[in-house]
Each structure stands twice: as structure tokens, then as C-alpha cells.
Amino acid sequence: MRAMVLDSPRQPLQLRDVPKPKPGRGQLLVRVSACAVCRTDLHVVDGELPNPKLPLIPGHQIVGYVEEIGSGVNSKFEVGDRVGIPWLGWTDGECAFCRSNRENLCDHARFTGYTIDGGYAEFTVADARFCFHLPDRYNDVEVAPLLCAGLIGYRSYRKTGDARRLGIYGFGNAAHLIAQIALYEERQLFVFTRPGDTKTQQGAKSLGAKWAGGSDEMPPEKLDAAIIFASVGPLVPAALRALAKGGIVVCGGIHMSDIPSFPYADLWEERVITSVANLTRHDGDEFFDIAPRVPVQTKTETFPLEQANTELDRFRAGELSGTAVLTIGR
Ligand SMILES: [Zn+2]
Ligand SMILES: [Zn+2]
């Protein structure tokens, strides 16, 4: 089968003919139809995440069709079913985190397209227990970005509880998806972009945000929660200053630069700073239930598998206007 392979970090992926994988016990063999590109793919390729499997097939927002079922798989999937394969690929099921509904923090978790092979290929294998059925209303390309930007964004959003006034710092793919759910649930949305980025601010307002401005500005009223989807550490104290008493800042699952020090008074009155790491299957079940009801719309640009390097470069340079989705096997 054709695959884009990472031999070592900080080198372009190589288009290569590799053996088609065989489904082991509990696994599905999946014919990949679409695989969306995530910022984490960039971090893996650029060597910013430690100890990837090498050589590695990246990609963890995979949409495909069950081609073959390994032994020991329960009846949740049949040959021909469409499945989604996310970042969380395997957990041990027995560590303290798994046993307390926090499998996203599993001590021995394996991650698709990082510590196990992913979807920049014609076929992949995945543990059936971590695969999702996907809502029928989306085609393969539309639904692919929901598998990471959507899921991890959703976990970040749920951490804000029932916050009425919600701030979002950084209005990229994940923010755009989660803003739609927040508005559907009648939250008041305050969007912060790079100072001077009036185009994105206008986009947020036309989506329904109550206010949009630069990240160097204060919102017109105090916020009950803020989610940061930008990789800029100084946004943490900035967001903290925008919070009402008891408010929460959620760092939305991205690798951030260092956070500068700030006065204790900004944290006082039970303000909270937290982060989101990975996802649980429960997040996925909830998200794929609510997404088609909103309905959450995705913005995508499609490219053939062979162009993965070009798309990673354009992503790095900020030149994409939607989520890049590799289309495979058509
Ligand atoms: Zn575990
Ligand atoms: Zn991702």
C-alpha cells in the first residue's frame, strides 16, 4: 500500500510502498478514505514530541471503512462500516487513571499517528474499542476534522461547566467548531484574535459572537470562563485578568510557550487554570451525539495523500483557510 512515512523528525515524509497491515486481536483493518491534518502532526514531524514510533505513518483524524475484522472484536462493527479513528488509540484499562474515568491520562496510553501508525496511508489497523461510528449527515471529508479539533475542543469546552460568558482566545479550527456548540447552547461568546486581525474578528461576529477583539484588549464584561486555543503562554495571565470571580482558564490541548509570572491577586477569588490532555471515548460519544444536532460545520481543503509535505508546510506557515484533509484511495 502507499503511505507517507516519517523516517526521522525534521525531515520530509517519504512516499513509500509498504506492506498492508494485518488486523491483530481486537483490531480492525480499515481502508482509509480521508485523514485530516492536525497541528499535533506538525509537532510530531518537527520533533517537538518525544519518542515517536519510527519509522512512523502520521495522522490521527482518520475516516475509513472496515475491510477486515481481527479475532476477539465484539459486534459493534461489521465489514463495510464507516469508522472514525482518533488520537487515543489504546489504553491499559487498569491504571489508576483508567479506573477513574480518566483514560485520557492513562500511564501506558498509545496514540494514533505518534506511538502507533496512523492514517497517512491507504490502510491502517486500529483497536476496535477506540473507533467511533460517525454521524451520517457528514461526508468523509467533512467529518474528519471533528476527530481531533472537534473532540479535544469539546473536552476543553466541557471543562468550562455552565459558564454563561465564554471567552475564546485564538480562533482557528478547534475554536470555530466549539464556538458553534457554545452558541447552540446559548452561551455568550467573546472572541480574542491576534491584535489587528479584523478579518477573523468579523468572522467571529458573523458567526454570532457577542464581542470580538484583540488578545491585548479586555472584554466589555467579565468572563465566567476562557478557553485558549493559541500556543501563546502570555495569553494565560491575560485571560485570567478577564475572568470574574470563580472563573476558569482552560488551556485547550496545545503545546504552549512558557507562561510569564503574574500577581497572585489575579488568581485570588477561586480562579482556576487547567489544561486538557487527549480525549476519552466518552468525550467522543457525547461530541458525535451533539455535533450533528447543532449542526457543527467544518471548513476543509482537500489534497491527495502525496501532497502531505506541502500541506504541512502551508499549515506551518499559516496559509490554510480550512483544515487540510488528505483524500486517499479514490
Ligand atoms: Zn491506564
Ligand atoms: Zn490532533
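Overview of the structure. (Residues numbered from 1 in each chain as written. Chains lettered and ligands numbered in written order. Predicted model: local features only at pLDDT ≥ 70, side-chain atom pairs only at ≥ 80, totals over all residues. Heavy atoms only, no water.)

## A word on the coordination of the zinc ion (ligand 1)
Which entries qualify depends on this criterion: For Na, K and Ca the donor cut-off is 3.2 Å, while for other metals it is 2.8 Å, and in both cases only N, O and S atoms qualify; water is not among them, so sites may look incomplete. Angular criteria define each label, namely tetrahedral for four donors with all angles between 85 and 135 degrees, square planar for four and octahedral for six donors with opposite donors over 155 degrees apart and remaining angles between 65 and 115, and irregular for whatever fails these tests.
Bound to the zinc ion (ligand 1) are the protein donor atoms Asp-92 (OD), Cys-95 (SG), Cys-98 (SG) and Cys-106 (SG), situated 2.0 to 2.3 Å from the metal. Note that the zinc ion (ligand 1) binds four donor atoms; their angles at the metal cover 98 to 119 degrees, and the shape is tetrahedral. Written as a sequence motif, the donor arrangement for the zinc ion (ligand 1) is D-x2-C-x2-C-x7-C.

## Points about the packing of helix α3 (residues 149-158) against helix α7 (residues 281-290)
Put simply, the test is: Where helices are involved, their axes are fitted lines through C-alpha atoms of the stretch in contact, as for all axes, and angles between N-to-C directions lie from 0 to 180°. Strands here are runs of E lasting at least two residues and helices are runs of H or I lasting at least four, both read from the DSSP assignment and numbered beginning at the N terminus. Roughly parallel means an angle under 35 degrees; roughly antiparallel means over 145; roughly perpendicular covers 65 to 115; every other angle is labelled oblique. Whether two residues touch is decided by their heavy atoms; if any such pair falls within 4.5 Å, the residues are in contact. When residues are sorted by character, Ala, Val, Leu, Ile, Met, Phe, Trp, Tyr, Cys and Pro go into the nonpolar class, Asp, Glu, Lys and Arg into the charged class, and all the rest, Gly among them, into the polar class.
Where α3 contacts α7, the axes come no closer than 10 Å and their chain directions differ by 100 degrees. Regarding the angle of α3 to α7, the classification is roughly perpendicular. Seen from α3, the contacting residues are Gly-150, Leu-151, Tyr-154, Arg-155 and Arg-158; seen from α7, they are Asp-283, Gly-284, Glu-286, Phe-287, Phe-288 and Ile-290. Across the contact of α3 with α7, the residue classes break down as five nonpolar, two polar and four charged.

## Side note on the nonpolar core
To be explicit about the condition: Residue types Ala, Val, Leu, Ile, Met, Phe, Trp, Tyr and Cys, when buried and joined through side-chain atoms within 4.5 Å, form a set referred to as a nonpolar core. When accessible area is computed with a 1.4 Å probe and restricted to protein chains, residues below 20% of their type maximum are described as buried, those above 50% as exposed, and intermediate ones as partly exposed.
With 97 residues, the main nonpolar core has Leu-28, Tyr-120, Leu-146, Ile-168, Ile-181 and Phe-288 as its most contacted residues. Trp-211, Ile-228, Leu-240 and Cys-251 belong to the second largest nonpolar core, which has 16 residues in total.

## A word on the pairing of strand β16 (residues 323-327)
Within a regular beta strand, the side chains point alternately toward one face of the sheet and then the other, so they alternate between its two faces. We count it as follows: Paired strands, as defined in this entry, are two strands with at least two bridges between them according to DSSP.
Here β16 lies mainly inside the structure; four of its five residues are buried. Pairing of strand β3 (residues 27-36) with β16, which is carried by three bridges, proceeds in the antiparallel orientation. Within the sheet, the bridge partner assigned to Ala-34 lies in β16 and is Thr-327. Where strand β15 (residues 300-304) lies against β16, five bridges are found, and the strand directions are parallel. Counted as the bridge partner of Thr-300 is Thr-323 from β16.

## Some points on the environment of Ser-156
Structurally, the position occupied by Ser-156 is in helix α3. On the basis of relative accessible area, Ser-156 is assigned to the buried category, the value being 0%. If we ignore the near neighbours within four places in the chain, the residues touching Ser-156 are Ile-227, Phe-229, Val-250, Gly-252 and Val-276.

## Some thoughts on the coordination of the zinc ion (ligand 2)
For the zinc ion (ligand 2), every protein donor is listed as Cys-38 (SG), His-60 (NE2) and Cys-148 (SG), and the spread of their distances is 2.0 to 2.2 Å. Written as a sequence motif, the donor arrangement for the zinc ion (ligand 2) is C-x21-H-x87-C. One end of the pair, Cys-38, is in the loop between β3 and α1 (39-45); the other, His-60, is in the loop between α1 and β4 (62-69), with 22 residues separating them in the sequence. Across this residue pair, the class does not change: Cys-38 and His-60 are buried.

## A word on the sheet that holds strand β12 (residues 223-228)
Ordered in space as β11-β10-β9-β12-β13-β14, the six strands form an open sheet in which the pairing is parallel. Strand pairing shows two members of the sheet lacking a second neighbour, β11 (211-214) and β14 (272-275), which therefore form its edges. For this sheet, the mean inter-axis angle between neighbouring strands, taken without regard to orientation, is 20 degrees. In this structure, strand β9 (residues 165-169) lies alongside strand β10 (residues 188-193), joined through five bridges in parallel fashion. Of the residues in β10, the one forming a bridge with Ile-168 is Val-191. Here helix α5 (residues 198-207) sits on the sheet and contacts β10 and β11; the angle it forms with β11, its principal contact strand, is near 165 degrees.

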